[in-house]
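Residues per chain are reported as follows:
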Amino acid sequence: MDLVGGLRGVLGSVANRALDLALPAQCAGCRREGAALCSECLPALDVRLEAEPGVPIGLPADIPPPLLQLEWCAPFTGVTRRAVHALKYGGERRLAPLMGAAVARRWGRVAAGGDAFVPVPASPDRVRERGYDQAALLSGEAARRLRLPSLRALERTRTTTAQFDLDRAHRASNLRGAFRVAPGVNVAGRWIVLVDDVMTTGATLAACATALLEAGAMAISAVAVARER
Ligand SMILES: [Zn+2]
């Protein structure tokens, strides 16, 4: 084991994350030292860059209402899955600029519209644990590159059961009323683009969209780094 690898082992994964960020990054895809994603793994985030907007033929065309458009950079597999995991659970926030840039590339190419990015908020408990909200980082990075505002327009009203513990029917009811528009944020008349790291059924995006539309938003689209099927 090399010195840095040895240090990582000694430091553990939670208590010393700040110190961990002072160490050279390790590629989330292949564990090579140097960058949060190396030049060989980085293209995994762009596998859908040339894909037509919308849902590829042969795959379920289930864009959850009331979303107008749903886009993502890559399937939730391989390098992309490991990178999302490292950003969400590994404290590797150096991935956010790389993944936010991928979101900007895909969205910049296929967007039908949208004038502000809004991150899907993580639960306050998880933000406290992690020290950051990964979707907010992604939204900020993507918005900056596309010269759009990124608004922290949504907040969670309560802690929900983790979605992966629930079947499809219970996911929607688990999330009903789970989000609200933050006080002092005006979304009236805006075409909002929701940003998240990974989407599965879209129930979370739909719940966010409903809250924004009830607050007067004109339309809601969404873009994620990865889509799980
Ligand atoms: Zn790599």
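So, how was this worked out
Residues numbered from 1 in each chain as written. Predicted model: local features only at pLDDT ≥ 70, side-chain atom pairs only at ≥ 80, totals over all residues. Heavy atoms only, no water. Donors = N, O, S within 2.8 Å, 3.2 Å for Na, K, Ca; no water. Tetrahedral: all angles 85-135°; square planar, octahedral: opposite > 155°, others 65-115°. Buried < 20%, exposed > 50% of the residue type's maximum accessible area, 1.4 Å probe, protein only. Phe/Tyr/Trp six-rings, centres within 6.5 Å; stacked < 30°, edge-to-face > 60°. Lys NZ or Arg CZ within 6 Å of the ring centre and 35° of its normal. Salt bridge = Lys/Arg side-chain N within 4 Å of Asp/Glu carboxyl O. Helix = DSSP H or I, 4+ residues; strand = E, 2+ residues; numbered from the N terminus. Core = buried A, V, L, I, M, F, W, Y, C linked by side-chain atoms within 4.5 Å. Contact = heavy atoms within 4.5 Å.

**A word on the coordination of the zinc ion**
Move 1: Within the first shell, the zinc ion binds the protein through C27 (SG), C30 (SG), C38 (SG) and C41 (SG), at distances of 2.3 to 2.4 Å.
Move 2: Coordination at the zinc ion is tetrahedral, judged from the four donor atoms that bind it and the angles of 105 to 116° they form at the metal.
Move 3: Written as a sequence motif, the donor arrangement for the zinc ion is C-x2-C-x7-C-x2-C.
Move 4: The exposure class of C30 is partly exposed, given its relative accessible area of 33%.
Move 5: Judged by relative accessible area, C38 falls into the buried class, the value being 8%.

**A few points about the packing of aromatic side chains**
Move 1: The final tally for this structure, using the stated rule, is zero aromatic pairs.
Move 2: Of note, R48 hangs over the ring of W72, and the distance from its end group to the ring centre comes to 3.9 Å.
Move 3: Sitting over the face of the ring of W72, R227 holds its NZ or CZ atom 4.9 Å from the ring centroid.

**Focus: the pattern of salt bridges**
Move 1: Considering all chains together, one arrives at 12 salt bridges under this definition.
Move 2: Close ionic contact of D125 with R128 constitutes a salt bridge, the shortest N to O distance being 3.4 Å. You can see D125 and its partner R128 sitting in helix 5 (residues 124–130), three residues apart, about one turn around the helix.
Move 3: On the basis of relative accessible area, D125 is assigned to the partly exposed category, the value being 41%.
Move 4: Where salt bridges share partners, they join R48, E71 and R106 into one cluster.

**Details of the environment of P124**
Move 1: Among the secondary structure elements, P124 is positioned in helix 5.
Move 2: On a C-alpha basis, the gap between P124 and R158 in space is 9.1 Å, while along the polypeptide they are 34 residues apart.

**Brief notes about the nonpolar core**
Move 1: With 33 residues, the main nonpolar core has L37, L87, L95, M99, V103, F117 and V225 as its most contacted residues.
Move 2: Going through the elements one at a time, helix 3 (78–89), helix 4 (95–110), helix 6 (134–146), strand 7 (191–199) and strand 8 (219–227) are the ones with two or more residues in this core.
Move 3: The leading source of residues in this core is helix 4, at seven residues.
Move 4: Once residues within four sequence positions are removed from consideration, M99 is found in contact with L45, A83, V84, L87, L138 and V225.

**Details of unusual backbone geometry**
Move 1: Look at the link from P65 to P66: it is a cis peptide, with omega at 5°.
Move 2: When you line up the elements, P66 lands in the loop between strand 2 (33–34) and strand 3 (70–75).
Move 3: Its identity as a non-glycine residue notwithstanding, R31 has a phi of 75°, on the positive side.
Move 4: Of note, R31 is situated in the loop between strand 1 (25–26) and strand 2.
Move 5: Despite not being glycine, R147 has its phi angle at roughly 55°, a positive value.

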